[in-house]
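Structural characterization, general
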Amino acid sequence: MTPGTTPGPAYGTEPAFAAFGTDTTAQLPRARHKAEPAAPAAAAARPGRDRYLDVLRTIALVRVVVYHIFGWAWLTILFPSMGVMFALAGSLMARSLKRPAAGVIRGRVRRLLPPLWAFSLTVVPIMFYFGWEPLKEEGIWWFLKLANYVFPVGAPPFPWHSGDKAGLLEDTWAVQAAGPLWYIRAYLWFVIASPLLLWAFRKVPWLTLLAPLGVTAVIGSGLFTIPGEFGNALTDFAVYGSCWVLGFAHNDGLFEKVPRYISVSVSTLLMAFGLWWASWHLTADGWDLNDIPLAQAAWSFGFCVILLQYSPAWKELPPRLKGFDTVITLANNRAVTIYLWHNLLIMATIPIIDLLFQIPGVWPTYSGYIESAYTTLMLIVVWPLIGLMIMAVGWLEDVAAQRKPRLWPNGAPKKRSHPR
């Protein structure tokens, strides 16, 4: 397997998000909400659909795929995708919580599970086909863990080695496929906790905003550790908790109450601290912030503050981005599908690219060129595979959101047939 496709610790694996970010209710006409309790003025002034947030979500998704192919550590600094995704989702969750919390949570969970079930029904049987015997490895408790493929409140089980190393997929394919599921768990925890977090934020905003950073400092410095999967889940919650609550601040207009030069200056200092901390805690992957919780938390939080401080709240894309309109729309409408399947599809590019070596005259004359460009070829091949997966199972996102299923929802106007 090429570098960058092996997931790290729970807080280190990427990803990102129709269910994670798109707020269907927010797109309804405002007349439908006149009778509801008044939201903060800044939030009420925001458009129903913020295309700036859609652009950020698309960039985050593309960055995740590129990172998992090339494994470039500097990408975690250039654009901390997971922190951005949690901040965006937190903002839209706060907007949705103008309605009764139980209904909002139920809707978010409902929109997440069918795409996850399609993924689980594909991956788990393949694990068994390749000889996975979890009862021997984990005993009867395995049945409870398996339920996380249905409702992911914890870590789903998977074999560390599955099948033949020289087979169609290398023997770590199950690890790669299940790696992104940590984000589903973290997202669910945040959704369930959001009513309480939002209440706390509106009572004591600065304490609620910064408390997760404090918890991360305790965990990341080694002063206090919690072993096992619960410890991983708590670390995820702490590392990205401030980004999620930062989304609340964005929705409630807190940024407009703080002078821009102050927020940008403080954020820059916090980001500098994150890089300083990382410089003293480098791992085998160097400057990969995914492996350094406190550095990840500080850098992601400061980065998101600056992004949201300058948020232009576009009702539509500016002219210079119009050419990407359909791509951005498709990515946001099928973000869950892209996120869940991208790692597995990255691995699927390998046997496809290897077919080039079987073309007469390629081996050994041109094999060196193919090998040197292998990861670039993976990046090229993975996008058509993602497109095929969008058409195959992406419509489940529409079903989960109680919309009419669509095969390719890129927002392009339909061509009208003209009578002869």
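What counts and what doesn't
Residues numbered from 1 in each chain as written. Predicted model: local features only at pLDDT ≥ 70, side-chain atom pairs only at ≥ 80, totals over all residues. Heavy atoms only, no water. Helix = DSSP H or I, 4+ residues; strand = E, 2+ residues; numbered from the N terminus. Buried < 20%, exposed > 50% of the residue type's maximum accessible area, 1.4 Å probe, protein only. Areas by Shrake-Rupley, 256 points an atom, 1.4 Å probe, with all protein chains shown as cover. Contact = heavy atoms within 4.5 Å. Core = buried A, V, L, I, M, F, W, Y, C linked by side-chain atoms within 4.5 Å. Phe/Tyr/Trp six-rings, centres within 6.5 Å; stacked < 30°, edge-to-face > 60°. Lys NZ or Arg CZ within 6 Å of the ring centre and 35° of its normal.

- The protein chain appears in an unreviewed UniProt entry as Membrane protein from Streptomyces chryseus.

Describing the overall build of the protein chain
- A tally of helices and strands in the protein chain yields 19 helices and zero strands.
- Out of the 420 residues belonging to the protein chain, those deemed buried represent 53%.
- For the protein chain, the exposed surface amounts to about 19,900 Å²; the carbon and sulfur share of it is 69%.

Structural notes on the side chain of Thr337
- Among the secondary structure elements, Thr337 is positioned in helix H16 (residues 335-354).
- You can call Thr337 buried: its relative accessible area is 4%.
- When residues no more than four places from it in sequence are discounted, the contact partners of Thr337 are Met389, Ile390, Val393, Gly394 and Glu397.

Section: the nonpolar core
- In terms of nonpolar packing, the biggest core is built from 111 residues, with Phe86 and Trp244 touching the most fellow members.
- Discounting chain neighbours no more than four positions away, the residues touching Phe86 are Trp182, Tyr183, Ala186, Tyr187, Phe190, Tyr240, Cys243 and Trp244.

Remarks on the packing of aromatic side chains
- All told, the structure shown has 31 aromatic pairs when counted by the stated rule.
- When the centroid spacing of 6.4 Å and the interplanar angle of 40° are considered together, the rings of Tyr366 and Tyr369 count as tilted.
- Since its relative accessible area comes to 60%, Tyr369 is described here as exposed.
- Grouped by ring-pair contacts, the aromatic residues Phe86, Trp182, Tyr183, Tyr187, Trp189, Phe190, Phe230, Phe237, Tyr240, Trp244 and Tyr339 constitute a single cluster.
- The ring of Tyr67 has Arg63 lying over it, and the distance from NZ or CZ to the ring centre is 5.4 Å.
- For Arg260, the ring lying beneath its charged end belongs to Tyr310, and the centroid distance is 4.2 Å.

Quick word on the environment of Pro157
- Examined against the element boundaries, Pro157 turns out to sit in the loop between helix H8 (142-146) and helix H9 (173-178).
- C-alpha of Pro157 to C-alpha of Glu138: the two residues are 19 residues apart in sequence and 9.2 Å apart in space.
- The residues contacting Pro157, other than those within four sequence positions of it, are Met127, Trp132, Glu138, Trp142, Lys145, Leu146 and Tyr149.

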